[in-house]
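Now for the letters of each chain:
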Amino acid sequence: MKRIIELNYTEAKVFFLKEESYFSFDLPQYFVFQKILKEVAKKLDGKLLSDFYASITTDNGKQKSIKPFDCESVNYTLLNNKDGKFAWRPLQLIHPAIYVSLVYKITEENNWKIIIDKFKEFQANPKIKCHSIPIQSESEQSDKAVTVTQWWHLIEQQSIELALKFEYVLHTDISDCYGSIYTHSVPWALHSKPTAKADRNKSLLGNVIDDNLRNMTYGQTNGIPQGSVLMDFIAEIVLGYADLELSKKITQAKIEDYQIIRYRDDYRIFSNNPQDADLITKLLTEILIDLGLRLNAQKTLVTSNVVRDSIKPDKLYWITSKKSAGSLQEHLLIIHDLSNKFPNSGSLIKALTKFFNRIKNIKEYKQNIEVLISVLVDIAYKNPKTYPIASAILSKLLSLIEKVEVQEKILIATLKKFDKIPNTGHIKLWLQRITIKIDRNKKYEEPLCEKVNDKTVKIWNSDWLNADFQKLLAETTIIDELIIEKIDKVIDSKEVELFKLDYETENAK
């Protein structure tokens, strides 16, 4: 595997233009974006995005270009429920034209060198380690799977090792990090704050990135889209800048006995003096406030049990309290108990994956399947991260029911249950996957679902593009009919499991 900052500019371009980098959340496999990325990349090659802006005639008869930040809903937003209640996370499919244009710009040879040199500066202090730079897999594992395995090796294991040197660890993270990032802080990070403020030139790389971010969000300067590796990388530019500023402040405060591990917006501050950890946290708070960010007070804690608290609580609980599950119902109820204690946890997804592997080859089941489904749906209802694997299990359980009318009754009841909570577009996409081979035309009120059966449904607002570019987007499908034709009623494990091999997944995040 390679960190993206170890790639040259041409390799980085290829990396970012992969479908896997374009969106990082789970969708049914018949949603494909590689073709549209390829066609847009071909269209924009050697050209500026502004060359394709649409124009309108003003009152005085002159032509005026329409710009992306003049339009709402340029990106496609999928509001993903976070807790089965009223919290949600907006996941976005960035408009392909803006996405590709931004990739081309940051991977120009000189611009990529500016970025790489800056990351060397961010990482100059060996006592502040960042382990969340995007990774390119060099095996058959996906980039995402390698990233998860990396988390275990470099975060959890390294944290446990540091128990030899340090008595205390302080855990903290940033509240709503992506939703709060100030877009102007990108040029500050790349060029220094004084330089960026003095030079508003559109040719300055940081300003170009800033403009592209605001083009996606109706001109807003607060928040960057979530859901792509490219945005993860841009967030790392801002957070790397925060690391650099923190290093300077710690030096000024004459603190020497410490170690910090950061994974995206999650910090682990190790010390032998709790007062030093508190002071470092205070310094970090001051830096983040200047960037429009703030620490999450509810998730900030200091502990003297470094080994125990280096392991995620859900994982520790599951390791120490696994019970022997006899029947399928007992097995699922044990998982239900885990879901109540540690909602939306990695251990919960792993436990459901094991349950799915247990049942996927069963041909018949003589016990009450509806009881199993009821327990499963309750888990998914309160734990939105489980939607893909829960949908796979549900598809298998439904296949064990002989009467079609009973299957339909269960699906209707499931939909009604999820309709009680807001922003359930993600589960609708997976319920559509369950029913697509049973009733292709079953309606789900979510634009991506509607797109499956109606090619005219617009996912992105492209009113700011000229007619020729709009035609290209309209005619390039994001639905692969061959995949729909080949898939089975029962969701295959390959469609929802992160790891292709059982390589140390027992210990992955």
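Just above sits the structure.
Residues numbered from 1 in each chain as written. Predicted model: local features only at pLDDT ≥ 70, side-chain atom pairs only at ≥ 80, totals over all residues. Heavy atoms only, no water.

## Examining the overall build of the protein chain
So, point 1. For the protein chain, the count of helices and strands is 23 helices and 11 strands.
So, point 2. At 24 Å, the protein chain has a C-alpha radius of gyration in line with the 23 Å of a compact globule built from 509 residues.
So, point 3. By its C-alpha atoms, the protein chain is 75 × 70 × 40 Å across when sized along the principal axes.
So, point 4. Residues classed as buried in the protein chain amount to 54% of the 509 residues present.
So, point 5. In the protein chain, 76% of the contacts between residues at least 6 apart in sequence involve partners at least 24 apart.
So, point 6. As displayed, the protein chain has an accessible area near 23900 Å², and 50% of this comes from carbon and sulfur atoms. (Helix = DSSP H or I, 4+ residues; strand = E, 2+ residues; numbered from the N terminus. Rg over C-alpha atoms; globule rule 2.2 N^0.38 Å. Buried < 20%, exposed > 50% of the residue type's maximum accessible area, 1.4 Å probe, protein only. Contact = heavy atoms within 4.5 Å. Areas by Shrake-Rupley, 256 points an atom, 1.4 Å probe, with all protein chains shown as cover.)

## Regarding the nonpolar core
So, point 1. One finds Phe 16, Phe 33 and Trp 464 to be the most contacted residues of the largest nonpolar core, which totals 154 residues.
So, point 2. For this core, the element with the highest residue contribution is helix 11 (residues 229-252), accounting for 14 residues.
So, point 3. When sequence neighbours within four positions are dropped, the list of residues in contact with Phe 33 reads Glu 19, Tyr 22, Phe 23, Leu 27, Leu 93, Trp 460 and Ile 478. (Core = buried A, V, L, I, M, F, W, Y, C linked by side-chain atoms within 4.5 Å.)

## Details of the environment of Phe 16
So, point 1. Mapping Phe 16 onto the fold places it in helix 1 (residues 9-16).
So, point 2. Sequence separation between Phe 16 and Tyr 104 is 88 residues; the distance between their C-alpha atoms is 9.3 Å.
So, point 3. Sequence-distant contacts of Phe 16, that is, excluding residues within four places in its chain, are made with Ile 4, Ser 21, Tyr 22, Tyr 99, Val 103, Ile 106, Thr 107, Trp 112, Val 229, Leu 230 and Phe 233.

## Description of a negative patch on the surface
So, point 1. Among the surface-exposed residues, Asp 419, Glu 445, Glu 450 and Asp 454 lie close enough to one another that they form a single negatively charged patch.
So, point 2. Mapped onto the secondary structure, Glu 450 falls in helix 20 (residues 447-453). (Patch = residues over 30% accessible without salt bridge, like charges linked within 9 Å, V, L, I, M, F, W, Y side chains within 5 Å. Salt bridge = Lys/Arg side-chain N within 4 Å of Asp/Glu carboxyl O. Lys, Arg positive; Asp, Glu negative; His and termini not counted. Charge placed at Lys NZ, Arg CZ, Asp CG, Glu CD.)

## Structural notes on helix 19 (residues 425-435)
So, point 1. A large share of helix 19 lies buried, amounting to 11 of its 11 residues.
So, point 2. Among the residues making up helix 19, those that are buried are Gly 425, His 426, Ile 427, Lys 428, Leu 429, Trp 430, Leu 431, Gln 432, Arg 433, Ile 434 and Thr 435.
So, point 3. Lining the buried residues of helix 19 we find strand 4 (76-81), helix 17 (387-399), helix 18 (404-418), helix 20 and helix 23 (493-496).

## Notes on helix 1
So, point 1. Within helix 1, the full set of buried residues consists of Ala 12, Phe 15 and Phe 16. An end-on view of helix 1 places all buried positions within 90° of arc, on one side of the element. (Arc of directions from axis to C-beta.)

## Let's talk about the packing of aromatic side chains
So, point 1. As enumerated under the stated definition, the model contains 18 aromatic pairs in all.
So, point 2. Ring centres 5.6 Å apart and planes at 50° place the aromatic pair Phe 16 and Phe 233 in the tilted group. Taken together, the residues Phe 16 in helix 1 and Phe 233 in helix 11 connect sequence positions 217 residues apart.
So, point 3. Measuring from ring centre to ring centre gives 5.3 Å for Tyr 30 and Phe 31, while their planes differ by 40°; the resulting arrangement is tilted.
So, point 4. For Phe 31, a relative accessible area of 2% translates into the label buried.
So, point 5. What links up through ring pairs into an aromatic cluster is the set Phe 15, Phe 16, Trp 112, Phe 119, Phe 122 and Phe 233.
So, point 6. Over the ring of Tyr 381 we find Lys 417; its NZ or CZ atom is 4.5 Å from the centre of that ring. (Phe/Tyr/Trp six-rings, centres within 6.5 Å; stacked < 30°, edge-to-face > 60°. Lys NZ or Arg CZ within 6 Å of the ring centre and 35° of its normal.)

## Structural notes on the environment of Thr 300
So, point 1. Structurally, Thr 300 can be placed in the loop between helix 12 (274-290) and strand 11 (301-303).
So, point 2. Separated by 19 residues in sequence, Thr 300 and Thr 281 place their C-alpha atoms 9.4 Å apart.
So, point 3. Once residues lying within four places of it in the same chain are set aside, the contact partners of Thr 300 are Leu 170, His 171 and Thr 172.

## Observations regarding the packing of helix 15 (residues 346-359) against helix 17
So, point 1. Orientation of helix 15 relative to helix 17, taken along the N-to-C sense of each, is 25°, at an axis distance of 9 Å. As summarised for this structure, helix 15 and helix 17 are arranged roughly parallel, according to the angle between their axes. For the crossing formed where helix 15 meets helix 17, the hand is left-handed. Every residue of helix 17 that contacts helix 15 at Leu 352, Thr 353, Phe 355, Phe 356 and Ile 359 is listed here: Ile 389, Ala 392, Ile 393, Lys 396 and Leu 397. (Axes fitted to C-alpha atoms, helices over the stretch in contact; angles between N-to-C directions. Parallel < 35°, antiparallel > 145°, perpendicular 65-115°, else oblique. Left-handed = near helix turned anticlockwise from the far one by under 90°.)

## Quick word on the side chain of His 184
So, point 1. With respect to the helices and strands, the residue His 184 is situated in the loop between helix 7 (177-180) and helix 8 (185-191).
So, point 2. One polar contact links His 184 to Asp 210, side chain to side chain, over a distance of 2.4 Å. (Polar contact = N/O pair within 3.5 Å; in protein donor to acceptor, adjacent residues only side chain to side chain.)

## Comments concerning the sheet that holds strand 8 (residues 168-173)
The strands that make up a sheet pair up through hydrogen bonds in the backbone, lying either parallel or antiparallel.
So, point 1. Reading across the sheet, the five strands line up as 6-9-10-8-11 and stay open at both edges, with mixed pairing between neighbours. Of all strands in the sheet, those with a lone pairing partner are strand 6 (128-130) and strand 11, marking the two edges. Between one strand axis and the next, the sheet turns by 15° as a mean value, whatever way the strands run.
So, point 2. With six bridges joining them, strand 9 (residues 258-263) and strand 10 (residues 266-271) adopt antiparallel strand pairing. Bridge pairing in strand 10 places Tyr 258 opposite Ser 271. (Pairing = 2+ DSSP bridges.)

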